[in-house]
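# Structural overview for review
Take a look at the letters that make up each chain.
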Amino acid sequence: MLKLAQHDKIMTLQERDKKHLWHPLKQHQLHPDSLAIVKAKGCILTDEHGNEYIDAISSWYTCMFGHCNDFITNRVYQQMQQLDQVMFSDFTHEPAVKLSEELIKILPKNQNRIFFNDNGSTAVEAGIKMALQYYFNKEQKRTTFIAFENGFHGDTFGAMSVSGLSVYNGPFEDFLIEVKRIPVPNGENHKEILNQLTAYANQYKIAGFIYEPIIQGAAGMKIHNAAGLNEILALCKSKKILTIADEVMTGFGKTGSHFASDFVETKPDIICLSKALTAGLVPMAITSCTEEIYEAFLSNDMAKGFFHCHTYSANPIACSAAIAAVELLQTSEIQDRIKEISRAHKKFEKHIDAHPIVRSTRSQGVIFALDLDTKMERYGDLRDKLLKFFMSRGVFLRPLGNTIYIQVPFVINNIELQKVYDTIEEALDTF
Ligand SMILES: Cc1ncc(COP(=O)(O)O)c(C=O)c1O
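Definitions and limits used
- Residues numbered from 1 in each chain as written.
- Predicted model: local features only at pLDDT ≥ 70, side-chain atom pairs only at ≥ 80, totals over all residues.
- Helix = DSSP H or I, 4+ residues; strand = E, 2+ residues; numbered from the N terminus.
- Buried ≥ 20, exposed ≤ 12 C-beta atoms within 10 Å, placed from the backbone.
- Contact = placed C-beta atoms within 7 Å.
- Pairing = 2+ DSSP bridges.
- Axes fitted to C-alpha atoms, helices over the stretch in contact; angles between N-to-C directions.
- Near = placed C-beta within 6 Å.
- Expected span 1.5 Å × (residues − 1).
- Arc of directions from axis to C-beta.
- Core = buried A, V, L, I, M, F, W, Y, C linked by C-beta atoms within 7 Å.
- Domains from an automatic or database assignment.
- Parallel < 35°, antiparallel > 145°, perpendicular 65-115°, else oblique.
- Left-handed = near helix turned anticlockwise from the far one by under 90°.

## Structural notes on the overall build of the protein chain
Scanning the protein chain from N- to C-terminus turns up 14 helices and 16 strands. Seen through its C-alpha atoms, the protein chain measures out along the principal axes to roughly 70 × 55 × 45 Å. The proportion of buried residues among the 431 residues of the protein chain is 43%. For the protein chain, restricting intrachain contacts to residue pairs at least 6 apart in sequence, the fraction spanning at least 24 positions comes to 73%.

## Section: the sheet that holds strand β11 (residues 270–273)
A sheet is described by the order of its strands in space; here seven strands give the open sequence β4-β12-β11-β10-β7-β5-β6, paired in mixed fashion. Two strands lie at the open edges of the sheet, namely β4 (113–117) and β6 (179–182), each paired on one side alone. On average, adjacent strands in this sheet sit at an angle of 20° to one another, irrespective of strand direction. Of the pairings in the sheet, the one linking strand β5 (residues 144–148) to strand β7 (residues 206–211) comprises four bridges and is parallel in character. Bridge assignment links T144 to a residue of β7, and that residue is I206. Strand contacts of helix α8 (residues 190–203): β5, β6 and β7, with the helix running at about 165° to β6, the strand carrying the most contacts.

## Thoughts on the environment of F390
By the secondary structure assignment, F390 is in helix α13 (residues 381–392). Residues F390 and V420 lie 30 residues apart in sequence; the distance between their C-alpha atoms is 8.9 Å.

## Things to note about the pairing of β7
Each regular strand shows side chains that alternate between the opposite faces of the sheet. Burial analysis of β7 places six of its six residues in the buried class, which makes it a mostly covered element. Where β7 meets strand β10 (residues 242–246), four bridges bridge the pair, whose relative direction is parallel. Each bridged residue has a counterpart across the sheet, and for G208 the counterpart in β10 is L242.

## What about the site of the ligand?
What surrounds the ligand is a group of 14 residues, the closest being N119, G120, S121, G154 and V248. The leading source of residues in the shell around the ligand is helix α6 (residues 120–137), at three residues.

## Here's the deal with the sheet that holds strand β14 (residues 367–372)
The antiparallel open sheet is built from three strands, whose spatial order is β13-β14-β16. For this open sheet the edge positions go to β13 (358–364) and β16 (403–407), each flanked by a neighbour on one side alone. Each adjacent strand pair in this sheet contributes to an overall mean axis angle of 10°, direction not counted. With five bridges connecting them, β14 and β16 associate as antiparallel partners. Residue pairing in the sheet places D371 in a bridge with T403 of β16. The strands touched by helix α12 (residues 332–352) are β13 and β14; relative to β13, the strand with the most contacts, the crossing angle is about 170°.

## Some words on unusual backbone geometry
Even without being glycine, S59 reaches a positive phi, approximately 40°. In this structure, S59 sits in helix α3 (residues 58–61). Given 17 C-beta atoms within a 10 Å radius, S59 is considered partly exposed. Even without a glycine there, the phi angle at I214 is positive, about 70°.

## Here we look at the pairing of β11
Residue alternation in β11 divides its side chains into two sets, I270 and C272 and I271 and L273, and both sets are buried. In the sheet, β10 pairs with β11 via three bridges, with the strands oriented parallel. Residue I244 lies in a different strand from β11, and its bridge partner there is I270. In this sheet, strand β12 (residues 285–289) lies alongside β11 in antiparallel orientation, the contact comprising four bridges. Note that in β12 the partner of I271 across the bridge is S288.

## Section: α8
The terminal C-alpha atoms of α8, which comprises 14 residues, lie 20 Å apart, in line with the 20 Å expected from a rise of 1.5 Å per residue. Every buried residue belonging to α8 is among H190, I193, L197 and A201, and all of these are buried. The buried residues of α8 occupy one face: seen down the axis, they fall within an arc of 70°. Those residues of α8 that are exposed and aimed more than 90 degrees away from the buried face are K191, E192, N195, A199, N202 and Q203. Tucked inside the fold, the buried residues of α8 contact β5, β6, β7 and α9 (226–238).

## As for the nonpolar core
If you look at the biggest cluster of nonpolar residues, it comprises 114 residues, and the most contacted ones within it are A321, A322 and A325. Counting residues per element, this core draws most heavily on helix α11 (residues 316–329), which supplies 11 residues. Both domains that furnish three or more residues to this core are identified here as domain 1 (11–68 + 336–430) and domain 2 (71–329). Each residue touching A321, except ones within four places of it in the same chain, is listed here: I72, R75, V76, T278, A279, L281 and V282.

## Overview of the environment of S121
Relative to the assigned elements, S121 resides in helix α6. With 39 residues separating them along the chain, S121 and M160 place their C-alpha atoms 8.6 Å apart. If we ignore the near neighbours within four places in the chain, the residues touching S121 are G154, D155, T156 and A159.

## Section: the domain arrangement of the protein chain
The assigned domain composition of the protein chain is domain 1 (11–68 + 336–430) and domain 2 (71–329). On a C-alpha basis, the centroid separation for the pair domain 1 and domain 2 is 27 Å. Contacts between domain 1 and domain 2 engage 23 residues on the former and 20 residues on the latter.

## Brief notes about the packing of helix α4 (residues 70–80) against α11
Look at α4 against α11: their axes get within 9 Å of each other, and the N-to-C directions meet at 150°. Considered as vectors, α4 and α11 are oriented roughly antiparallel to each other. Viewed along their axes, α4 and α11 form a crossing whose handedness is right-handed. Within the contact between the two elements, α4 uses F71, I72, R75, V76, Q79 and M80 and α11 uses P316, I317, S320, A321, A324, A325 and L328.

Shown next, in the form of structure tokens:
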């Protein structure tokens, strides 16, 4: 019998990981270990020792129909046998065409063009470039952006520029494009925001305003005022500032509507989509826009075209996953479940609101968040202890600073959801 080398016999995945891998958002010197997950089904993640965890944040807001969803994996399997990959420059294919048709039916009515990208950051990057080149093509110099304070839009340079300053983009501050920041509307401050915006519009050549509509995800699932946002968007329109809704986190049903922009009367010129677009199965992103934006790139001059491309743009397999996800999203089963989870969150919010260490609570659709009445570093000791506590109880929750938030898959059952609530309550009583 072949003898295994000593290290092959005893090394776990977690140990092998440490030899060659470099993980994102990690200080490896302080946190060398990464939990090895070997299986995911529905809402359950299973680690290499057989421990199970409820994925209460849908693996960063992606697998909203549960992991390895049979309906989606079957569609992808069929597509894999038909057409795997072909360049999207010069070619087209049924999955891309079909997905564009299905998305245009559910996106805000002013959207008419679908541009493919690889991930949330590049969806934003393309949105920023569209706005800049829109004015370049019109031979107008507009190079500055407006963004909300504490927004997060991704890790490429344009996306880092419009994100609020943090450990993510701090080291690159000198290389970012010019961005002016305004506070999010809270129901009381919209007059000051409009004044500030007007002053910026008078002083700088503003190309676009980028925003996470209704909920700022990475900032701690912070919810802002839809009417106030509407006034900001209306003012932008009047100043010909292009509006870019970053729905990478909020898109596809999580807020209780297909898109967070549905809650705001004034519609964006450009929308960035990713994450739940492909239901967590494969990476893909889309930047949609109005016909008016698209038309600004039509010319006999080649250089006025949009020369932005990724090798895997509109990958047919990713498109097939997205078509299946968009179909599932519109079923009455999923729509009912979103309403039930939303009601359950409201009930939990009421129940937990008066807890002595809870400063505030909020929820919208399947998103719930509470702020602890304590100062906590984003990646500090208390946050690590909380994370460990949740995992030891079989629930994967990942606090953002002093915010504990839930963003469960739509398919979570009531027992699993109750376990998530109970575990949070136990944590509040323990810490
Ligand atoms: C609102 C928003 N925009 C953009 C991104 C970046 O997406 P990705 O991580 O796929 O690049 C994120 C990621 O969390 C996000 O929440």
